[in-house]
Amino acid sequence: NMLHDAGYATCFVGKWQNDGGDEAIHEAGFDKYRVFLPFSYPSNQFKGRYKSPIIYENGAYLPDSVTEGRYSEDMYVSYLNRFIDKNVNQPFFAIYSMPLVQKPWVPTPNDPEYDTWDPKYDEIRSDLKYFPSMVNYMDKKIGDIIHHLQDKKIINNTLILFTTDNATNVNIYSMWRDSLVRGLKNGTILWSTRVPLVAYWPRGIEPNQSTSTLVDFTDFLPTFADVARIPVPNNYGILDGTSFYDNLTGRNGIDRAWSFCHWDNDPNDNKQPIRYINDTMYKLYDEPPNYPRFYNMQIDQFEVFPIPKRKQTEEEKQIRENFIEELQKMHN
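What this report covers is the structure whose coordinates are included nearby. Note that the coordinates shown come from a computational prediction; the quantities given were computed from them, not determined experimentally.

## A word on the overall build of the protein
Turning to step 1, where the next piece is worked out: Summing up its helical and strand segments, the protein has ten helices and 13 strands in all.
Turning to step 2, where the next piece is worked out: Against the 2.2 N^0.38 benchmark of 20 Å for 332 residues, the protein shows a C-alpha radius of gyration of 22 Å, consistent with a compact globule.
Turning to step 3, where the next piece is worked out: Its C-alpha atoms put the protein at 65 × 50 × 40 Å along the principal axes.
Turning to step 4, where the next piece is worked out: Split into buried and exposed, the 332 residues of the protein put 41% on the buried side.
Turning to step 5, where the next piece is worked out: Restricting the contact set of the protein to residue pairs at least 6 apart, pairs at least 24 apart contribute 52%.
Turning to step 6, where the next piece is worked out: If you sum the accessible surface of the protein, you get close to 19,400 Å²; carbon and sulfur atoms cover 49% of it.
Turning to step 7, where the next piece is worked out: Separation between the mean location of the 35 positive side-chain charges and that of the 45 negative ones in the protein comes to 3 Å.

## Some details on helix H6 (residues 131-151)
Turning to step 1, where the next piece is worked out: Over its 21 residues, H6 extends 30 Å from the first C-alpha to the last, a length consistent with the 30 Å expected when each residue adds 1.5 Å.
Turning to step 2, where the next piece is worked out: Inspection of H6 places Phe131, Ser133, Met134, Tyr137, Met138, Lys141, Gly143, Ile145, His148 and Leu149 among the buried residues, and these make up the whole buried set.
Turning to step 3, where the next piece is worked out: Packing partners of the buried residues in H6 comprise helix H4 (72-86), strand E5 (92-97) and strand E6 (160-163).
Turning to step 4, where the next piece is worked out: Just past H6, the residue Lys153 takes up positive phi, approximately 60°.

## What about the layout of surface pockets?
Turning to step 1, where the next piece is worked out: Computed from the structure, the second largest pocket encloses a volume of approximately 340 Å³.
Turning to step 2, where the next piece is worked out: Lining the second largest pocket are 20 residues, and of these Lys47, Gly48, Lys51, Ser52 and Ile54 lie nearest its centre.
Turning to step 3, where the next piece is worked out: Every element with two or more residues in the lining of the second largest pocket is listed here: helix H3 (64-67) and helix H5 (122-125).

## Here we look at the side chain of Ser72
Turning to step 1, where the next piece is worked out: If you trace the backbone, Ser72 turns up in helix H4.
Turning to step 2, where the next piece is worked out: According to the relative accessible area criterion, Ser72 is buried, its value standing at 0%.
Turning to step 3, where the next piece is worked out: Each residue touching Ser72, except ones within four places of it in the same chain, is listed here: Arg49, Tyr50 and Pro53.

## A word on unusual backbone geometry
Turning to step 1, where the next piece is worked out: For the peptide bond that leads from Leu100 to Val101, omega is 5°, which places it in the cis range.
Turning to step 2, where the next piece is worked out: That bond from Pro288 to Pro289 is cis: its omega, 5°, falls within 30 degrees of zero.
Turning to step 3, where the next piece is worked out: Tracing the sequence through the fold places Pro289 in the loop between strand E12 (282-285) and strand E13 (294-296).
Turning to step 4, where the next piece is worked out: We note that Asn58 has phi near 55°; this positive angle belongs to a residue other than glycine.
Turning to step 5, where the next piece is worked out: When you line up the elements, Asn58 lands in the loop between strand E3 (56-57) and strand E4 (60-61).

## Quick notes on the sheet that holds strand E11 (residues 274-278)
Turning to step 1, where the next piece is worked out: Here four strands make up an open sheet; going across it, the order is E10-E11-E12-E13 and the pairing antiparallel. The open sheet has two free edges, formed respectively by strand E10 (259-263) and E13, since each of these has just one partner strand. Put simply, the sheet's adjacent strands are angled 20° from each other on average, direction ignored.
Turning to step 2, where the next piece is worked out: In terms of strand pairing, E10 meets E11 through five bridges, oriented antiparallel. Within E11, the position partnered with Phe260 by the bridge is Ile277.

Thresholds applied
Residues numbered from 1 in each chain as written. Predicted model: local features only at pLDDT ≥ 70, side-chain atom pairs only at ≥ 80, totals over all residues. Heavy atoms only, no water. Helix = DSSP H or I, 4+ residues; strand = E, 2+ residues; numbered from the N terminus. Rg over C-alpha atoms; globule rule 2.2 N^0.38 Å. Buried < 20%, exposed > 50% of the residue type's maximum accessible area, 1.4 Å probe, protein only. Contact = heavy atoms within 4.5 Å. Areas by Shrake-Rupley, 256 points an atom, 1.4 Å probe, with all protein chains shown as cover. Lys, Arg positive; Asp, Glu negative; His and termini not counted. Charge placed at Lys NZ, Arg CZ, Asp CG, Glu CD. Expected span 1.5 Å × (residues − 1). 1 Å grid on protein atoms, 1.4 Å probe; cavity = no way out; pocket = protein on both sides within 12 Å on 5 of 7 lines; lining within 4 Å. Points joined across faces, edges and corners; volume = space filled by probe spheres on them. Pairing = 2+ DSSP bridges. Axes fitted to C-alpha atoms, helices over the stretch in contact; angles between N-to-C directions.

Here is the structure:
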């Protein structure tokens, strides 16, 4: 809405799953859309995800005659590229919420099994052997968009951000530098919440840079405001975000000091939500009155050994007290 109100054309393609269908998508500020899961649960997010997809556009589902045999990601990218074509001469904002690489793990159009694959059995025949191919296809689709922006000669003035909403499925193991790391989706340790954030903007970002700056998803709104050179809206209530525009462009600025998380995976299970605060090194769980779980995430990435108060340095004691003070504010 912020960018839409500033004159940007807007588009959303891919997995929606925020409920509300056509009305909600427009209320969120998007002019155009082609989505999977226009409504929230109990929609089955594993059915109609890839081959012969179930796709919603302009307030209705596309007929089977349009989607039969086609691959969802190809349809999303073709729609997005057409949106780009229509807005080459004006600012635009698009979100591509890729269904890849979530299960079911099934063939992509690059796999020989794709042509004869029956998507009715996706959930039954899902096989991790297809996961690498799905990652490759994700890379291919991102490349298609980048090449399209290059062909339209607007790549230099387009900011592309690649990120994800949570960690990898628990059945998948990956190499991180020299360590084998298991996917820990739905958890709260570092390997569950630390995700990629890759930025590409030829005109605005020097290549081959990296930063350890702490970034929270609430930071995207003020960052986009800075990129668009517009003020942050004053009618959105309290905003928690800290712009990382300066980190992208190599300028001096104010970095986020800490991040707060409230994680309630199932609001209906009567379990207390998990809440914590962390900076780039330390994490404290919101467990008053003693707040026993205080970790150095750099040393203890799997949160096995909380630091006892008696063994905390003076600096660590101060960090812990600062965290407690901030957590208590969340209850007020």
